[in-house]
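Residue strings, one per chain:
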Amino acid sequence: MSEHLSGTPCRCALHARRLFTSGLLAGAASLALGREGVDVGRQSSFSKLVSADQIEQAAAAQYKQMRQQAAQQKALAGDDHPQLIRLRAIAKRIIPHTYEWNERARNWSWEVSLLGSKELNAFCMPGGKIAFYYGILQQLQLNDDEVAMIMGHESAHALREHARERMGKTAATKIGAGVLSQMLGLGNTGQTVLGMGGELLTLKFSREDESEADLIGIELAARAGYDPHAGVTLWNKMAQASKGAPPQFMSTHPSGPTRIHDIEVNLPKVQPLYQRAERPAQRFGPPKPANSSGT
Ligand SMILES: [Zn+2]
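Residues numbered from 1 in each chain as written. Predicted model: local features only at pLDDT ≥ 70, side-chain atom pairs only at ≥ 80, totals over all residues. Heavy atoms only, no water.

1. Quick look at the coordination of the zinc ion
Moving on, step 1. Around the zinc ion, the protein supplies H153 (NE2), H157 (NE2), E210 (OE), E210 (OE) and H253 (NE2) as donor atoms, at distances of 2.0 to 2.5 Å.
Moving on, step 2. All donors of the zinc ion come from a single chain, and their spacing in sequence reads H-x3-H-x52-E-x42-H. Of this pair, H153 and H157 both sit in helix α5 (residues 144-159), 4 residues apart, which is roughly one turn of that helix.
Moving on, step 3. Taking the relative accessible area as the measure of exposure, H153 reaches 3% and is therefore buried. (Donors = N, O, S within 2.8 Å, 3.2 Å for Na, K, Ca; no water. Helix = DSSP H or I, 4+ residues; strand = E, 2+ residues; numbered from the N terminus. Buried < 20%, exposed > 50% of the residue type's maximum accessible area, 1.4 Å probe, protein only.)

2. Focus on the nonpolar core
Moving on, step 1. With 54 residues, the main nonpolar core has F132, I136, M151 and M238 as its most contacted residues.
Moving on, step 2. Ranked by residue count, the leading element in this core is α5, at 8 residues.
Moving on, step 3. Discounting residues that sit within four places of it in the chain, F132 has contacts with L87, S113, L114, L115, N121, A122, L137, V147, I150 and M151.
Moving on, step 4. Counting residues in hydrophobic clusters, the runner-up holds 9 residues, among them A59, Y63, A70 and M125. (Core = buried A, V, L, I, M, F, W, Y, C linked by side-chain atoms within 4.5 Å. Contact = heavy atoms within 4.5 Å.)

3. Observations concerning the packing of α5 against helix α10 (residues 230-241)
Moving on, step 1. Where α5 meets α10, the axes come as close as 8 Å, and the angle between the chain directions of the two elements is 85°. When the interaxial angle is binned, α5 and α10 end up roughly perpendicular. Mapping the contact onto sequence places D145, E146, M149, I150 and H153 in α5 and A230, G231, T233, L234, W235, K237 and M238 in α10.
Moving on, step 2. Across the contact of α5 with α10, the residue classes tally to 6 nonpolar, 3 polar and 3 charged. (Axes fitted to C-alpha atoms, helices over the stretch in contact; angles between N-to-C directions. Parallel < 35°, antiparallel > 145°, perpendicular 65-115°, else oblique. Nonpolar A, V, L, I, M, F, W, Y, C, P; charged D, E, K, R; others polar.)

4. Description of the environment of K269
Moving on, step 1. Considering the arrangement of structural elements, one finds K269 in helix α12 (residues 257-276).
Moving on, step 2. For K269, a relative accessible area of 7% corresponds to the buried category.

5. Digging into the side chain of N102
Moving on, step 1. As for its position among the elements, N102 is in the loop between α3 (82-94) and β1 (111-115).
Moving on, step 2. By relative accessible area, which is 8% here, N102 ends up buried.
Moving on, step 3. Within polar-contact distance, the side chain of N102 engages the backbone nitrogen of R104 at 3.0 Å.
Moving on, step 4. The contacts of N102, once residues within four sequence positions are left out, are W108, A158, L159 and E161. (Polar contact = N/O pair within 3.5 Å; in protein donor to acceptor, adjacent residues only side chain to side chain.)

6. Overview of the pattern of salt bridges
Moving on, step 1. Under the counting rule described, the total for this entry stands at 17 salt bridges.
Moving on, step 2. A salt bridge links E212 to R160; the nearest nitrogen and oxygen atoms lie 2.7 Å apart. Note that E212 is positioned in helix α9 (residues 207-223) and R160 in the loop between α5 and α6 (162-175), a separation of 52 residues in sequence. For the residue pair E212 and R160, the accessibility class agrees, reading buried in each case.
Moving on, step 3. Put simply, R259 and D214 hold a salt bridge, and the shortest N to O gap is 2.7 Å. Of this pair, R259 sits in helix α12 while D214 sits in helix α9, and the two are 45 residues apart along the sequence.
Moving on, step 4. Since its relative accessible area comes to 9%, R259 is described here as buried.
Moving on, step 5. Members of the salt-bridge network, linked through shared partners, are R35, E100, E219 and R223. (Salt bridge = Lys/Arg side-chain N within 4 Å of Asp/Glu carboxyl O.)

Structure representation (C-alpha cells):
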C-alpha cells in the first residue's frame, strides 16, 4: 500500500475520489485508505514530545479556573440557559463521531460552557473542554448548522492535538535541542508544559492546523446530521463581521476566499455522510439580536 502514501496519485477506483482533493494538503498521507470523508495528513511528530495526559490536565485546570472567574463576574450561563441547552444538545450529537479521530476522546470528560461575553469567540481545549461566547451566537445569528461547524472545527483542534503539537515545538525550543534526546522519560518537559497551561486559551494555530480543523470539522458536523454547506455561510458571516475592528476569533481564524473555497471543494466528500445521517430531533435558534426591540 506504500505507493498510495508516496504522494503519487493512485488511479484505482477506490481512490478515484482523491483526485478531486483541493490540493490544500497535497502529498499528505491519507489517514486511513478508503475511508469516507475528508483527507488530512498524519499528525505532527512534535505532538509526541509532551504527554497527552499532561496537556489535558493543564487544560482541565485552566478551564476550571476560567469557569470560576466567569462565575464570579456573573458571566457563566447556568445549566438551564436555553443557549447552553442548545450547545450541549449539538455537542451530544457530535461527540460520538470524534472517537474515530482520537481514541482518547472516548474517555475525555467533555464539557460545554457558555460565557456571557459580547466577544465573537469559541474554543475547545485539549480533553474536550468547549466554550462559546454569547457574542458569537448573538452577533452572527448562528443557526444550529453553523454552531455545529464551529464546534466541529474547535473539537478538531483538540482531537488532532494541535495544542500539544505547538507546545511540543515550544518546549523543544525552550529546553533546547541538546536535551531532546533525553526527553523520552519527559522529566523537565512536564514542568515546562504545566508552565504553559495559561497559553492554552490564547493559542494561535498554523494555517495548516486551521485547514485541517476546517475539513475535519465539516465532516464531524455532517456525520452528526448538520448541513455542511453551513461551513460556507458561517465563514461568510465571519468575513462580514471582521470588517472594521477584527474580533479575537477572526484574528486567529482569518476568513479569506481560500478558506471558503477549500471548504466548498470538500463539500462533495461529506455530503453523502450528511444525507445518510440521522437528523437532529430538535432544532434550536439563535438568541434575539442585541438591537431587537422587546425582551
Ligand atoms: Zn481554528
